[in-house]
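Okay, here's what each chain looks like letter by letter:
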Protein chains: 2
Amino acid sequence: MPDERPDAVLMAHGGGGRMAQRLLDEIFLPAFNNPLLAARLDGAVGELGGTRLAFTADSYVVRPLFFPGGDIGTLAVNGTVNDLAMCGARPAWMSAAFILEEGFPFADLKRVAESMRRAAAAAGVRIVTGDTKVVDAGKGDGVYLATSGVGEVVARAPMGPAEVREGDAILLSGDVGRHGMAIMSAREGFAFETTLESDCAPLVAPVMELLDAGVAVRALRDLTRGGLATALVELSEGAKREFAVEETAVPVIAPVRAACEMLGLDPLYVANEGRFTALVAEADAERALAILRRHDASRSACRIGRVNGGATRGRVTARGAIGARRILDRLSGEQLPRIC
Amino acid sequence: MPDERPDAVLMAHGGGGRMAQRLLDEIFLPAFNNPLLAARLDGAVGELGGTRLAFTADSYVVRPLFFPGGDIGTLAVNGTVNDLAMCGARPAWMSAAFILEEGFPFADLKRVAESMRRAAAAAGVRIVTGDTKVVDAGKGDGVYLATSGVGEVVARAPMGPAEVREGDAILLSGDVGRHGMAIMSAREGFAFETTLESDCAPLVAPVMELLDAGVAVRALRDLTRGGLATALVELSEGAKREFAVEETAVPVIAPVRAACEMLGLDPLYVANEGRFTALVAEADAERALAILRRHDASRSACRIGRVNGGATRGRVTARGAIGARRILDRLSGEQLPRIC
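**Describing the overall build of chain A**
Alright, step 1. Within chain A one finds 9 helices and 14 strands.
Alright, step 2. Radius of gyration (C-alpha) of chain A: 19 Å, near the 20 Å computed for a compact globule of 340 residues.
Alright, step 3. Each principal axis of the C-alpha distribution contributes one length, and for chain A these read about 55 × 55 × 45 Å.
Alright, step 4. Residue burial in chain A is summarised as follows: out of 340 residues, 63% are buried.
Alright, step 5. If you take every contact in chain A between residues at least 6 apart in sequence, the share linking residues at least 24 apart comes to 82%.
Alright, step 6. Side chains of chain A give 38 positive and 43 negative charges; the mean places of these two sets differ by 4 Å.

Here you go:
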């Protein structure tokens, strides 16, 4: 069991789970205290000069830089546009700041830039500003990438955990665990029967169609570090309600399940980079699923649970194959370091 | 002389001079091609939902993390708000993404966060979103910081090199070279007669007052990597005019001059983090100076030259103490690596 009260940074502080949360609670929130940050959404939403904007930021330290289904550049662009989409915003502009290690080959840098160009074009976002710094050989890892994004909020109703109501349907955009396991297999050279590809993809199109169609979307969350389970726990705590999930309804493709079993990992906690959960009004659930299934990134969307009443601090229960219910907690330590 | 056509990243590519320019020209501009990026301002300026916005991004890899007059946190906040101010925008929101090295002491992280809090409060900006990643011990340098900022453009007239006209006055907000030499002395343990402090400061207040007062500001540029000389060369090339600078009018405090002489550096090329140049209509020059001198960050503002006609590709000439004119070029290699 990892030390939960260290006096220095551990790898687990980057894992998006309980220790990352503590870093936010104990250092960043007190220092940068303001309501937009305290809302703990995938980005900040606010008004500037009469326009409702979403603003998000992320950094990327994935290892290896190139992996089946993408690279650090694809990841950075999709991560940014997805965070904006989760805020109900249409991505407009993004920035890219490169921290390059001395000796990083130009050929690799060009490959990353080309991936970013393609991903940005696919998501309809423009990379409009940026920065480059160089650190000494050995003080970096090829390239670290920090991106941020700005978009106009198109959602007409407010969205977020506080909007979640009893009876809402919990939808999932597709099978989980591909990204984390693709990175692991690329990093450790595991030979699975098939090459596992990351699910890394832009989620802008399905989200925009949900909003344009007037579906009563209460909250959206993409399933990155900490996986589906951590995202649901955070949402349920924000909503102060119990989420009842049917674990058997969560799609996991066979090679991901096999790899997780081999490594002793729970696919519900493995990171994804092109999956999201949508909490929608029950009355709109079937219509929402039909919309999601029209898009490549959410072709296998499904319903995985419902929101119950009660549970003032929030809680997620998952019913497994044998019918027993367990309570899901957020990721505690760090399963897979540096997967994004 | 450094190799100007390498096939891998060199420290000099992070220096903000000619090699950094080449990276932008050969890799990033072709990939991310769009007019906002191609404008090569300190940030992107555009309209979103009817609001004119500026959007900027930077990353910080300064060594050491703490130095006389500031730290990586002060630098990141002031760098971001200053880039927005240079776009004629009032800073509203910023993001902060931390790339932490495993083992980085929490005490240091808290100190950086506290510096950011203070700097953000002083500049009137809110840190509303962010991210934390952790890299393995040895793969970072304590903390790298990437920030971005959003603000509403308050300048009523367009600003930028293309707006510069013959006869405009070239103003400088204060003495140059402090930041670079403060970093050098902290890093190398040079003992100068006095402790050199970085000039790191927010430039928002003086810039906002210039704009509010209706001064005809043609272009603004803060003097970071590459120093005053590189900023003027870039502006003159954008303006396609000759800038005639009186080198004797550029203030350099005695300890900076002494340190530069000892190290064989030209103070015109040393980085600053709280200085800027303003190109303003000659008719408004004295009024602009009076405004600048009312603010701490620009107390010793002065006039250093004027814009001539001619010179279709732009050019900066500097007349020194003995009256001879030399042509200034942008910084070529890297004088002082990782000063921001």
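**With respect to helix H5 (residues 178-188) of chain A**
Residues and elements named next belong to chain A.
Alright, step 1. Burial analysis of H5 places 8 of its 11 residues in the buried class, the great majority of the element.
Alright, step 2. Within H5, burial applies to His179, Gly180, Met181, Ala182, Ile183, Met184, Ser185 and Arg187.
Alright, step 3. Those residues of H5 that are buried are in contact with strand S3 (66-67), helix H3 (72-86) and helix H8 (254-263).

**What to know about the packing of aromatic side chains**
Alright, step 1. All told, the structure shown has 7 aromatic pairs over all chains when counted by the stated rule.
Alright, step 2. Positioned above the aromatic ring of Tyr60(B) is the side chain of Lys133(A), whose terminal nitrogen or guanidinium carbon lies 4.9 Å from the ring centre.

**A word on the sheet that holds strand S1 (residues 44-48) of chain B**
Residues and elements named next belong to chain B.
Alright, step 1. Taken in spatial order, the 5 strands make up an open sheet running S1-S2-S7-S5-S6, and their pairing is mixed. The sheet is open, and its two edges are formed by S1 and strand S6 (126-135), each paired on a single side. Mean inter-strand twist for the sheet, computed between neighbouring axes without regard to direction, equals 20 degrees.
Alright, step 2. Of the strand pairs in this sheet, S1 and strand S2 (residues 51-60) are connected by 5 bridges, and their pairing is antiparallel. Paired with Leu48 across the strands is Thr51, a residue of S2.

**A closer look at the packing of H3(A) against helix H4 (residues 106-123) of chain A**
All names here are of chain A.
Alright, step 1. Two numbers describe how H3 lies on H4: the axes approach to 7 Å, and their chain directions differ by 30 degrees. With respect to each other, H3 and H4 are oriented roughly parallel. Considering only the axes of H3 and H4, their crossing is right-handed. Contacts between H3 and H4 involve Ile72, Gly73, Thr74, Val77, Asn78 and Val81 from the first element and Val112, Ser115, Met116, Ala119, Ala120 and Ala123 from the second.
Alright, step 2. Among the residues making up the contact of H3 with H4, the classes are represented as 8 nonpolar, 4 polar and no charged.

**Side note on the relation of the copies chain A and chain B**
Alright, step 1. Note on the identical chains: chain A maps onto chain B by a rotation of 180 degrees and an axial translation of 0.0 Å, with an RMSD of 0.0 Å. The superposition of one copy onto the other is thereby described by a two-fold rotation axis.
Alright, step 2. When the interface residues of chain A are mapped onto chain B, 100% of them again fall at the interface, so both copies present the same face.

**Overview of the interface of chain A and chain B**
Alright, step 1. Opposite the 79 residues of chain A that make contact, chain B presents 79 residues.
Alright, step 2. For the pair chain A and chain B, the two sides together bury roughly 6,800 Å², of which 69% comes from carbon and sulfur.
Alright, step 3. Counting the surface chain A buries against chain B, the share from its top three residues, Phe55(A), Trp93(A) and Phe106(A), is 11%.
Alright, step 4. In this assembly, chain A and chain B are joined by 6 salt bridges.
Alright, step 5. Inspection of the region where chain A meets chain B yields 26 residue pairs in polar contact (both at pLDDT 80 or more).
Alright, step 6. Elements with a contribution of two residues or more to the side of chain A that touches chain B: helix H1 (18-31), helix H2 (35-38), strand S1 (44-48), strand S2 (51-60), strand S5 (89-101), H4, strand S6 (126-135) and strand S7 (143-153) of chain A.
Alright, step 7. Considering every element that reaches the side of chain A that touches chain B, the biggest residue donor is S6(A), with 10 residues.
Alright, step 8. Per-class residue counts for the side of chain A that touches chain B are 41 nonpolar, 20 polar and 18 charged.

Parameters at a glance
- Residues numbered from 1 in each chain as written.
- Chains lettered and ligands numbered in written order.
- Predicted model: local features only at pLDDT ≥ 70, side-chain atom pairs only at ≥ 80, totals over all residues.
- Heavy atoms only, no water.
- Helix = DSSP H or I, 4+ residues; strand = E, 2+ residues; numbered from the N terminus.
- Rg over C-alpha atoms; globule rule 2.2 N^0.38 Å.
- Buried < 20%, exposed > 50% of the residue type's maximum accessible area, 1.4 Å probe, protein only.
- Contact = heavy atoms within 4.5 Å.
- Lys, Arg positive; Asp, Glu negative; His and termini not counted.
- Charge placed at Lys NZ, Arg CZ, Asp CG, Glu CD.
- Phe/Tyr/Trp six-rings, centres within 6.5 Å; stacked < 30°, edge-to-face > 60°.
- Lys NZ or Arg CZ within 6 Å of the ring centre and 35° of its normal.
- Pairing = 2+ DSSP bridges.
- Axes fitted to C-alpha atoms, helices over the stretch in contact; angles between N-to-C directions.
- Parallel < 35°, antiparallel > 145°, perpendicular 65-115°, else oblique.
- Left-handed = near helix turned anticlockwise from the far one by under 90°.
- Nonpolar A, V, L, I, M, F, W, Y, C, P; charged D, E, K, R; others polar.
- Least-squares fit on C-alpha atoms with pLDDT ≥ 70 in both.
- Buried area = accessible area lost by both parts, 1.4 Å probe.
- Salt bridge = Lys/Arg side-chain N within 4 Å of Asp/Glu carboxyl O.
- Polar contact = N/O pair within 3.5 Å; in protein donor to acceptor, adjacent residues only side chain to side chain.

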